[in-house]
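# Structure assessment
Listed here are the chains, written in short residue letters.
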Number of protein chains: 4
Amino acid sequence: MPAAQATRAYVECLPVRFFKSDNTAAVSDEILRAIGAANNGAALAYGADRWSDALDAVFGEFFETPVRVFAVSSGTAANSLALATLCPPWGTVLTHAEAHIERDECGAPEFFTGGAKLSLIDGAGAKITPEDFTARLAWFEPHVHGVQPRMVSITQATERGAIYSPDEIRALSDIARERGMTVHMDGARFANAVVAQKFSPAELSWKAGVDVLSFGVIKNGGMNTEAVVFFDPTRVGDFEFRRKRAGQLACKGRYAAVQLTTYLESGIWRRNAERANRLAARVAAAAPHLLSEPFATNQVFMRLGDERIAALSKEFGFYPWGPAGSGEARFVCSWDTPEEDVDALCAALERLR
Amino acid sequence: MPAAQATRAYVECLPVRFFKSDNTAAVSDEILRAIGAANNGAALAYGADRWSDALDAVFGEFFETPVRVFAVSSGTAANSLALATLCPPWGTVLTHAEAHIERDECGAPEFFTGGAKLSLIDGAGAKITPEDFTARLAWFEPHVHGVQPRMVSITQATERGAIYSPDEIRALSDIARERGMTVHMDGARFANAVVAQKFSPAELSWKAGVDVLSFGVIKNGGMNTEAVVFFDPTRVGDFEFRRKRAGQLACKGRYAAVQLTTYLESGIWRRNAERANRLAARVAAAAPHLLSEPFATNQVFMRLGDERIAALSKEFGFYPWGPAGSGEARFVCSWDTPEEDVDALCAALERLR
Amino acid sequence: MPAAQATRAYVECLPVRFFKSDNTAAVSDEILRAIGAANNGAALAYGADRWSDALDAVFGEFFETPVRVFAVSSGTAANSLALATLCPPWGTVLTHAEAHIERDECGAPEFFTGGAKLSLIDGAGAKITPEDFTARLAWFEPHVHGVQPRMVSITQATERGAIYSPDEIRALSDIARERGMTVHMDGARFANAVVAQKFSPAELSWKAGVDVLSFGVIKNGGMNTEAVVFFDPTRVGDFEFRRKRAGQLACKGRYAAVQLTTYLESGIWRRNAERANRLAARVAAAAPHLLSEPFATNQVFMRLGDERIAALSKEFGFYPWGPAGSGEARFVCSWDTPEEDVDALCAALERLR
Amino acid sequence: MPAAQATRAYVECLPVRFFKSDNTAAVSDEILRAIGAANNGAALAYGADRWSDALDAVFGEFFETPVRVFAVSSGTAANSLALATLCPPWGTVLTHAEAHIERDECGAPEFFTGGAKLSLIDGAGAKITPEDFTARLAWFEPHVHGVQPRMVSITQATERGAIYSPDEIRALSDIARERGMTVHMDGARFANAVVAQKFSPAELSWKAGVDVLSFGVIKNGGMNTEAVVFFDPTRVGDFEFRRKRAGQLACKGRYAAVQLTTYLESGIWRRNAERANRLAARVAAAAPHLLSEPFATNQVFMRLGDERIAALSKEFGFYPWGPAGSGEARFVCSWDTPEEDVDALCAALERLR
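Here's a quick rundown of the structure.

About the cut-offs
- Residues numbered from 1 in each chain as written.
- Chains lettered and ligands numbered in written order.
- Predicted model: local features only at pLDDT ≥ 70, side-chain atom pairs only at ≥ 80, totals over all residues.
- Heavy atoms only, no water.
- Pairing = 2+ DSSP bridges.
- Helix = DSSP H or I, 4+ residues; strand = E, 2+ residues; numbered from the N terminus.
- Axes fitted to C-alpha atoms, helices over the stretch in contact; angles between N-to-C directions.
- Contact = heavy atoms within 4.5 Å.
- Phe/Tyr/Trp six-rings, centres within 6.5 Å; stacked < 30°, edge-to-face > 60°.
- Buried < 20%, exposed > 50% of the residue type's maximum accessible area, 1.4 Å probe, protein only.
- Polar contact = N/O pair within 3.5 Å; in protein donor to acceptor, adjacent residues only side chain to side chain.
- Least-squares fit on C-alpha atoms with pLDDT ≥ 70 in both.
- Buried area = accessible area lost by both parts, 1.4 Å probe.
- Salt bridge = Lys/Arg side-chain N within 4 Å of Asp/Glu carboxyl O.
- Nonpolar A, V, L, I, M, F, W, Y, C, P; charged D, E, K, R; others polar.
- Expected span 1.5 Å × (residues − 1).
- Right-handed = clockwise from strand over helix to strand, strands pointing away.
- Parallel < 35°, antiparallel > 145°, perpendicular 65-115°, else oblique.
- Left-handed = near helix turned anticlockwise from the far one by under 90°.
- Disulfide = S-S within 2.5 Å.

### Structural notes on the sheet that holds strand S3 (residues 91–96) of chain D
Residue and element names in this part refer to chain D.
- Pairing is mixed across the open sheet formed by seven strands, whose spatial order is S2-S8-S7-S6-S5-S3-S4. Strands at the two margins of the open sheet, each flanked by one partner only, are strand S2 (68–72) and strand S4 (117–121). Taken over all neighbouring pairs, the strand axes of this sheet differ in orientation by 25° on average, direction set aside.
- In the packing of helix H8 (residues 130–137) onto the sheet, the strands contacted are S3, S4 and strand S5 (148–155), and the crossing angle to S4 comes to about 130°.

### Thoughts on the packing of aromatic side chains
All names here are of chain C.
- A complete count under the given rule lists 74 aromatic pairs over all chains for this structure.
- Centroid distance Phe-301 to Trp-321: 5.8 Å. Interplanar angle 70°. Geometry classified as edge-to-face. With Phe-301 in strand S9 (residues 299–303) and Trp-321 in strand S11 (residues 319–321), the pair connects residues that are 20 residues apart, well separated along the chain.
- A residue is classified by how much of its surface remains accessible, and Phe-301, at 1% relative accessible area, is buried.

### Here we look at the side chain of Arg-68 of chain C
- Mapped onto the elements of the fold, Arg-68 of chain C is located in strand S2 (residues 68–72).
- Here Asp-56 of chain C takes part through its side chain, which lies 3.2 Å from a polar atom of the side chain of Arg-68 of chain C.

### Structural notes on the sheet that holds strand S11 (residues 319–321) of chain B
Residue and element names in this part refer to chain B.
- Strand order in the open sheet formed by three strands is S9-S12-S11, with antiparallel pairing between adjacent strands. Among the strands making up the open sheet, the edge pair consists of strand S9 (299–303) and S11. Between one strand axis and the next, the sheet turns by 35° as a mean value, whatever way the strands run.
- Pairing between S11 and strand S12 (residues 328–332): three bridges, direction antiparallel. Looking at S12, one finds that Trp-321 is bridged to Glu-328.

### Re the relation of the copies chain B and chain A
- Superposition of chain B onto chain A requires a rotation of 180° combined with a translation of 0.0 Å along the rotation axis, giving an RMSD of 0.0 Å. Within this description, the copies of the chain are treated as partners about a two-fold rotation axis.
- A share of 95% of interface residues in chain B that are also interface residues in chain A marks the association as one of identical surfaces.

### Some words on the interface of chain D and chain C
- The interface is formed by 64 residues belonging to chain D together with 63 residues belonging to chain C.
- The largest contributions to the chain D side of the interface with chain C come from Phe-111, Arg-245 and Lys-252 of chain D, which together make up 14% of the buried area.
- Here chain D is connected to chain C by zero salt bridges.
- Here chain D is connected to chain C by 30 residue pairs in polar contact (both at pLDDT 80 or more).
- Listed by contribution, the elements that provide at least two residues to the side of chain D that touches chain C are helix H1 (2–10), helix H2 (29–38), helix H5 (75–86), helix H7 (108–113), helix H11 (239–245) and helix H12 (254–265) of chain D.
- Here the element with the most residues in the side of chain D that touches chain C is H1 of chain D; it accounts for five residues.
- For the side of chain D that touches chain C, the residue count by class is 31 nonpolar, 18 polar and 15 charged.

### Remarks on the pattern of salt bridges
All names here are of chain A.
- Summed over the entire model, instances satisfying the criterion amount to 88 salt bridges over all chains.
- Between Arg-235 and Asp-211 there is a salt bridge whose closest N-O contact spans 3.8 Å. Taken together, the residues span a long stretch of sequence, with Arg-235 in the loop between strand S8 (226–230) and helix H11 (239–245) and Asp-211 in the loop between helix H10 (190–195) and strand S7 (212–215) at a distance of 24 residues.
- Residue Arg-235 is classed as partly exposed on the basis of its relative accessible area, which comes to 30%.

### Some words on the relation of the copies chain D and chain C
- Superposition of chain D onto chain C requires a rotation of 180° combined with a translation of 0.0 Å along the rotation axis, giving an RMSD of 0.0 Å.
- Here 98% of the interface residues in chain D have copies in chain C that are interface residues too; the copies meet face to matching face.

### Some words on helix H15 (residues 339–351) of chain B
Residue and element names in this part refer to chain B.
- Compared with the 18 Å implied by 1.5 Å per residue over 13 residues, the 18 Å span of H15 between its first and last C-alpha is a close match.
- For H15, every residue scored as buried is listed here: Asp-341, Val-342, Ala-344, Leu-345, Cys-346, Ala-348 and Leu-349.
- Residues of H15 that are buried sit in contact with strand S1 (17–18), helix H13 (268–286), S9, helix H14 (306–313), strand S10 (316–317) and S12.

### A word on the environment of Ser-80 of chain B
All names here are of chain B.
- Secondary-structure assignment places Ser-80 in helix H5 (residues 75–86).
- A relative accessible area of 0% means that Ser-80 is categorised as buried.
- Ser-80 sits 206 residues away from Ala-286 along the chain, and the two C-alpha atoms are 38 Å apart.
- Excluding residues within four positions of it along the chain, Ser-80 makes contact with Glu-105, Ala-108, Pro-109 and Phe-112.

### Overview of the interface of chain B and chain A
- Taken together, the 65 residues of chain B in the interface contact 62 residues of chain A.
- The largest per-residue losses of area from chain B upon contact with chain A belong to Phe-111, Arg-245 and Lys-252 of chain B, which jointly make up 14% of the total buried on that side.
- At the boundary of chain B and chain A, one finds zero salt bridges.
- Linking chain B with chain A are 33 residue pairs in polar contact (both at pLDDT 80 or more).
- Elements represented by at least two residues in the side of chain B that touches chain A include exactly helix H1 (2–10), helix H2 (29–38), H5, helix H7 (108–113), helix H11 (239–245) and helix H12 (254–265) of chain B.
- Counting residues per element, the side of chain B that touches chain A draws most heavily on H1 of chain B, at five residues.
- The residue inventory of the side of chain B that touches chain A, partitioned by class, reads 31 nonpolar, 18 polar and 16 charged.

### Topic: the environment of Val-72 of chain A
All names here are of chain A.
- As for its position among the elements, Val-72 is in strand S2 (residues 68–72).
- On the basis of relative accessibility, which here comes to 2%, the residue Val-72 falls in the buried class.
- Put simply, Val-72 and Leu-249 are 177 residues apart on the chain and 6.7 Å apart in space, counted from C-alpha to C-alpha.
- The contact partners of Val-72, leaving out residues within four places of it in the chain, are Ala-77, Ala-78, Leu-81, Asn-224, Thr-225, Glu-226, Val-228, Phe-239, Arg-243 and Gln-248.

### So, the pairing of strand S3 (residues 91–96) of chain B
All names here are of chain B.
- Taking burial as the measure, the six residues of S3 include six buried ones, the bulk of the element.
- Across five bridges, the pairing between S3 and strand S5 (residues 148–155) is parallel. Each bridged residue has a counterpart across the sheet, and for Thr-92 the counterpart in S5 is Pro-149.
- As paired strands, S3 and strand S4 (residues 117–121) are joined by five bridges and run parallel to one another. Paired with Leu-94 across the strands is Ser-119, a residue of S4.

### Overview of H2 of chain B
- Residues of H2 of chain B that are buried: Glu-30, Ile-31, Leu-32, Ala-34, Ile-35 and Ala-38 of chain B.
- Looking at the packing, one finds that the buried side of H2 of chain B touches helix H2 (29–38) of chain A together with helix H3 (50–53), H12 and H13 of chain B.

### Description of the pairing of S7 of chain A
Residues and elements named next belong to chain A.
- Side-chain alternation along S7 places Val-212 and Ser-214 on one buried face and Leu-213 and Phe-215 on a second face that is also buried.
- Bridging between strand S6 (residues 182–187) and S7 involves four bridges; their strand directions are parallel. From the neighbouring strand, His-184 faces S7, where its bridge partner is Val-212.
- As a crossover connection, the stretch from S6 through H10 into S7 is right-handed.
- The pairing of S7 with S8 spans four bridges and is classified as antiparallel. Paired with Ser-214 across the two strands is Val-228, which belongs to S8.

### Things to note about the environment of Phe-62 of chain B
All names here are of chain B.
- Checked against the element boundaries, Phe-62 lands in helix H4 (residues 55–63).
- Placed 42 residues apart in sequence, Phe-62 and Asp-104 show a C-alpha to C-alpha distance of 29 Å.
- Setting aside residues up to four positions removed in sequence, Phe-62 forms contacts with Pro-201, Phe-215, Leu-264 and Trp-269.

### Observations concerning the packing of H13 of chain B against H15 of chain B
Residues and elements named next belong to chain B.
- Their axes nearest at 8 Å, the elements H13 and H15 cross at an angle of 20°. If you check the angle between H13 and H15, you find them roughly parallel. By crossing handedness, the relation of H13 to H15 is classed as right-handed. Taking contact as the criterion, the partners of Arg-275, Arg-278, Leu-279, Arg-282, Val-283 and Ala-286 in H13 are, on H15, Glu-339, Val-342, Asp-343, Leu-345, Cys-346, Leu-349 and Glu-350.
- Here the contact of H13 with H15 is built from residues that sort into seven nonpolar, no polar and six charged.

### Focus on the state of the cysteines
- One pass over the structure, following the stated rule, counts zero disulfides over all chains.
- Sulfur of Cys-346 of chain A: no disulfide; nearest cysteine sulfur belongs to Cys-333 of chain A and is 8.0 Å away.
- For Cys-346 of chain A, a relative accessible area of 6% gives the class buried.
- The cysteine Cys-87 of chain B is free of any disulfide, with Cys-106 of chain C supplying the nearest cysteine sulfur at 11 Å.

Function cannot be inferred from these measures alone, as they are strictly geometric.
Okay, structure coming up:
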């Protein structure tokens, strides 16, 4: 069984210092404590509890606009349900060739949408430029022989650690709007993108034209709940039926909702992201000449060469990146990466000079 | 939006004593503590952690046979992924007309399987008899015009609180086996069914011919993780790809796996189920002449009439059952139903005599 | 390979006189000649030819109202595409338990709709009564846990040869309309139903509340094209994308469209159906005491008993009907059933008295 | 309704001489006559007729090996059913970025496969080289996070008129075989590719490693039937269930099968393709310096510039090709393109010099 074998292969010895991904992090105490506090007596199931009921208000305040918010169990589910709600099976979602929805979700968007196609766009930093977006759109014709562009999905921060500014988002959403397309943002690391810029969550989402946001919590201190945020309530459509049908409506909804509200209300969304970004900045600064991507958030990409990668791998856990032989590596800092692990990595990188 | 409105309608005032469902229960302390203990430092994501790694062994011991076990976030996902792995899109799953997979999952089995049909069988207690199973099978012909029977799914305990004995399961699985069909058991309340009988988990599952079991944890003290248990490792097939593709592979897998292992190792699977069954037995004994189903596990069905239902509803939260006007009601006890709530319900029922 | 073997098993010796189905009939000369006449020089593909362009007008005249008409290659495709256009994946189509879409299309509706469930209703003559329709609807609740009733599909004439009157259709469509559901009619034998009554095609379809009709041509003299007729152009929605995506948009569209227009304009729709019904009436009259269904169109159902079935099978090709041991048989006359075959069958049936 | 409007937009005035596509051609007399001859009395439906029964033998002789052959109503259905049979939903089909299955089937492969992804490869002439194939494969990793490469699909002749030699096919199929992948060939213009080379149908298909072939008939003289040819009978799997479920099993199977057998037995497959290729060769020779692709079959690609395209469009029907502003045009000759139309086009092209 290839999948099983592959999973086992992931199990490595843990003595190394970890920079593989922010998904290896633990859960913030604030969230664990809030779960404990909610664990008190009966609560109606399937979202009819007071924690779930508070979601729209808490997120509405965070985003400074009325929103509809839904809890799901994974980022893959968040992305796929958002796309399935707004893209018909014969539609296509334009996205970057390195997007998580294309590369790392085993075809979940195609599964949830009933076979909508992802149409790929290249571009530095895993970002889509207006020019590339427009050029890709030129391939589609308004007849039944081809799929029809209905959505664009961008990632904030991107899979290569870059960020979109409000103006950059607006440039894309304007093009989309003109074509009758909607805009999805994969915000698995949205908090990291917010704290890396001087803009508010609102400015980086709906004010710039985003219709639906996969709002990431797990990588930044959550346990097992992400949020799907609709900025235009009229776009929610049949989302709730699709969520239930996907087995993504939590039975004991309070334990999902309380993670989301605590994440915002306790301020850990900002504190955790700031710490992760700050640590990553130290890593980037340790060997700036090796950076293969401009540093922006909590991911650091370096062109190390295969030999250095092999050497560093003895002490540090991280992923070689890109196709075999590229010599590139990715280091990710998370909200709970030990400071001494960063010290050690910086020292090792400085020795490479 | 009909769905949203319906969800809101679920929010009722909570001062009533709750017998609506075991899914309103809280999480057992053992599980919360185990989650806290696992929240320590980094762990590889997506199931490559030591808690996930222990799943097969812990469940293998529980079931006295080698098994393959997979964590998912809901019973709906457990059922649907199990069916999708073993039933092709052009196949059909025979099941009871009142089965959860037919009535309460918004078509999730059809979604996950790519459109496999559920073919329904009636029967008292939401149980399938060998005779009814055989009669239903007679409708299918081995040609391309009709869907082909590939699985049978039974619920243990059933949606009407009944249980299958090992002999009853075997009678069905023998018929299935002869037709080349596999056997799925929806064990959302498997623990309640086990403690209600003198048989072991093994005798009530694989020894009686069950191929794959949706093993329920959430209703009986878990937080948000269920298990899919394959008793024949060669049947696992592409389950892992399907799970990932459904957004059901937990990012931080340790928080899912530890719920499952703790549930078995701490013994709460038995202790919680015994308590729930015991409390329900008290409810059933309070008005035995009103029982509309023989009492067996932690669900009690009574024919009260609409007036008594209205009267009881002022003090107790429970569901009228069946079609409108049936006058039937369902009371469910959970692992944490307060003893005084049961006292009060029993007293109220006794006053009905 | 079970399917292949089953197909082969269908190949029987042909010397018998055929009453198996109207799908064993040949193609009417009018249609073959029209195909030949259209086979002249170039014509734009994919429906941009003048024959395809005429479809809406020709059918509009036939139905006395503006319509949108689409050619597809099979009745299964017609039904499934109509349902997929009007029923979301989380919806359900209420239909009779013996409906062709449930029993004879290998799950095509589930495939095309993305897993919408068919919810079954019993009833004599394979007909749905308003009472049974209403009772079945009572099972569904407007929350996300269950599929939502979005369509009802009735067959005209039914799978047991019965017909719906305009009043009967209206009674069902009124109920549907009130629930926000649309009405599909499987008219594989629509012409037989029309000529069996004193009502017009309009009275038996849109005037009685039908939204979309699978208009059968193949069984009544066509070659390989059926029509999907939308009576409300605003309901067409994304039908054309779905048709293309299903491989059901004919490349050389003229050879499809010309079958449809010729079928109506030549009058063979009526002439062929009248002949088939007339022959079937003779069969029914030969043994009226054996009829297991009231006679109405071109199908005759008789309770013969297994011995008589075996005896008749030596000379006549027909299907035993219903579950094994029912002793029922179906005889179908088609537009080209030889008169002498009917003579022989009538004589044989009369000998049974 | 965008699709409908688009379809209408296709309707152009026909006085122009047509080089748009070989799908505007009529049906060969041999096929019409064979259909007429088959239109004689009753024949069992759904492929249980003697014409359908002959398919395997007739194609087996043509390909010099035992095959399993299935009739479907379109090339889109042929391709999609072939892929769905051999590629699981979580698999991916590697194919050229300009492949018909990617660009011109409105997502049909995704629909039929249940959401399998097409992974695209660039390359001159719409051909895939072994180097590009290997490079694209390097992106996939054997774990559950990404789709798994299970098939490669190549087009013969390609969407830019090029052909694969047996050695070129073998080079690709060897790579596929090593990875456990199967090989699909979209042979919408297979006959044109065969007559353009000195190799046999066997050498250009199974002998070079092709597992399943979409065998095109419609563009080269057929009416509305294509064939799916499995060279390894053990690969047929559940194809027949999938075909029925897609509404692609013809009711009156004889009219489908007889097109396929006549196409081969009458020799029109070769005669028609030779004529189409010969005429196209004349077009190519009329302005060889303008060719934007090497000439090989019945499609001619020229870099004309937008002004010349506009000028020629007054007299000739053809498609501008590629993205807007490319200045490229495609001329296709079919089996029945009038010789004088080619004379006129050649003269016009020569005047461009």
